[in-house]
Amino acid sequence: KNYIQNPPETVNLDDVTWEKYRACLFHLNNFQERITFSQIDDILIARFKNYLANLKGRKGKMNPSTIKSYWDKLKVVLTYAAKKDHFLDPIEVERYFGEVKISVPKKKEGQHLEIEEIQLLRRLVFDEKDKSLKRDRDLFLFQVYTGFYYNDLQILRKDQLFNDIEQGLYIIGERDKNDNPTIIPLFKFPYAMNIIEDYRDNNPDYPFLFKKSVFIEIQAYNRNLKLLTKRANIVRKLSNKTGRHTNAQMWIRFGADRPVLSKMMGHEKEQTTENYYKVGLREVIEGTKGINFEKLAI
């Protein structure tokens, strides 16, 4: 609680992350309301992990990734208590969390749209009564063009949009998640300009590019994306995260180099970008060019 109310000066987290810290505190209080530092050991850490694992979640038990999120927050606080106030031995804290493992399933492959599916979305025609669906289709396409999450679009500022005299529009900005700088070549996507013109805020005193009224709650946005998949006859699921994955896979498919993609995605470390460069369709195509099963007539 003290860490949340009086965070270290070097810690600058967004509201979503602080909410996870508060959720961790809530579960910790329910698990055991009073814990002294002398009681903290690998057995207590294991008991807390088992407590979380038996809580109800959206699909039965609590999701392992959610447990891991709370787990990481507790480790941060205990490590801070060890290093800053010497309530614990930092080496022992590392050992506690090292001995008690949480298995989080790896992300599934194919969490992105194919080019043909993006085209299906782009070609959708909307009636006047479906203006909200058109709006969210356009914002999702803008996610595909930029690799931004939905909340990144909400804080995109007018002064982050630039116009190169030869190429056209590009963005120099930062992501909401980590403030890492990005350079995004919007000029590669002609329809991006249409979206900006349709939803741009023209109030000179308002700093953000898109009108505030354009955005809705993320749950409602994801629901509209599901409606769009049905209308476009897309079998793959759409969500706020799909746009970013699609952007990355699209650049990789057509040959973008890793350092360039890392800059466009706003990754803090290039190793993060490496996750997108696992063997995928492009590598399979290149790696099997010399193999022809057709001539075997099988």
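Undergrad: Before we go on, may I ask you to explain the overall build of the chain in this structure?
TA: The helix and strand tally for the chain stands at 14 helices and five strands. Counting across all 298 residues of the chain, residues that qualify as buried make up 39%. The long-range share in the chain, meaning contacts at least 24 apart out of those at least 6 apart in sequence, stands at 58%. In the structure as shown, the chain presents an accessible area of about 19,100 Å², 51% of it carried by carbon and sulfur atoms.

Undergrad: It is not clear to me how the pattern of salt bridges should be interpreted in this structure. Could you clarify?
TA: Opposite charge on two side chains permits pairing when their charged atoms draw close. In total, this model carries 15 salt bridges according to the counting rule given. Residue E94 pairs with K75 through a salt bridge whose shortest N-O separation is 3.2 Å. On the criterion of sequence distance, the pair formed by E94 in helix α5 (residues 90-99) and K75 in helix α4 (residues 64-84) is long-range, its members being 19 residues apart. In this structure E94 comes out as partly exposed when scored by relative accessible area, which is 46%. Overall, the relative accessible area of 25% leaves K75 in the partly exposed class.

Undergrad: Would you take a moment to explain the confidence of the model for the chain for this structure?
TA: Low pLDDT means the predicted coordinates in that region are not meant to be read closely. Of all residues in the chain, 80% have pLDDT values of 70 or greater, and the mean over the chain is 81. The model gives residues 269-277 a pLDDT under 50, and that stretch makes 22 contacts with residues more than four places away or in other chains.

Undergrad: I'm lost on helix α2 (residues 15-31) in this one. Help?
TA: Three or four residues apart is the spacing at which side chains of an α-helix point the same way, because the helix has 3.6 residues per turn. End to end, α2 covers 24 Å across 17 residues, agreeing with the expected 24 Å (1.5 Å per residue, within 8%). At its buried positions, α2 is contacted by α1 (2-5), α3 (42-53) and α4.

Undergrad: Just checking my understanding: could you explain the nonpolar core for this structure?
TA: As a rule of thumb, nonpolar side chains are buried together in soluble globular proteins. If you look at the biggest cluster of nonpolar residues, it comprises 39 residues, and the most contacted ones within it are L121, F142, Y145, L186 and F210. Where this core is concerned, the elements lending two or more residues are α6 (115-123), α7 (131-146), α8 (150-154), β4 (168-174), α9 (191-199), α10 (218-231) and α11 (240-253). Looking at which element gives the most residues to this core, the answer is α7, with seven residues. The residues touching L186, leaving out its near neighbours within four places in the chain, are F142, Y145, T146, L161, L169, Y170, I171, A192 and I196. In terms of nonpolar packing, the next biggest core, distinct from the first, is built from 23 residues, L44, I45, L74 and V93 among them.

Definitions and cut-offs
- Residues numbered from 1 in each chain as written.
- Predicted model: local features only at pLDDT ≥ 70, side-chain atom pairs only at ≥ 80, totals over all residues.
- Heavy atoms only, no water.
- Helix = DSSP H or I, 4+ residues; strand = E, 2+ residues; numbered from the N terminus.
- Buried < 20%, exposed > 50% of the residue type's maximum accessible area, 1.4 Å probe, protein only.
- Contact = heavy atoms within 4.5 Å.
- Areas by Shrake-Rupley, 256 points an atom, 1.4 Å probe, with all protein chains shown as cover.
- Salt bridge = Lys/Arg side-chain N within 4 Å of Asp/Glu carboxyl O.
- pLDDT = per-residue confidence, 0-100.
- Expected span 1.5 Å × (residues − 1).
- Core = buried A, V, L, I, M, F, W, Y, C linked by side-chain atoms within 4.5 Å.

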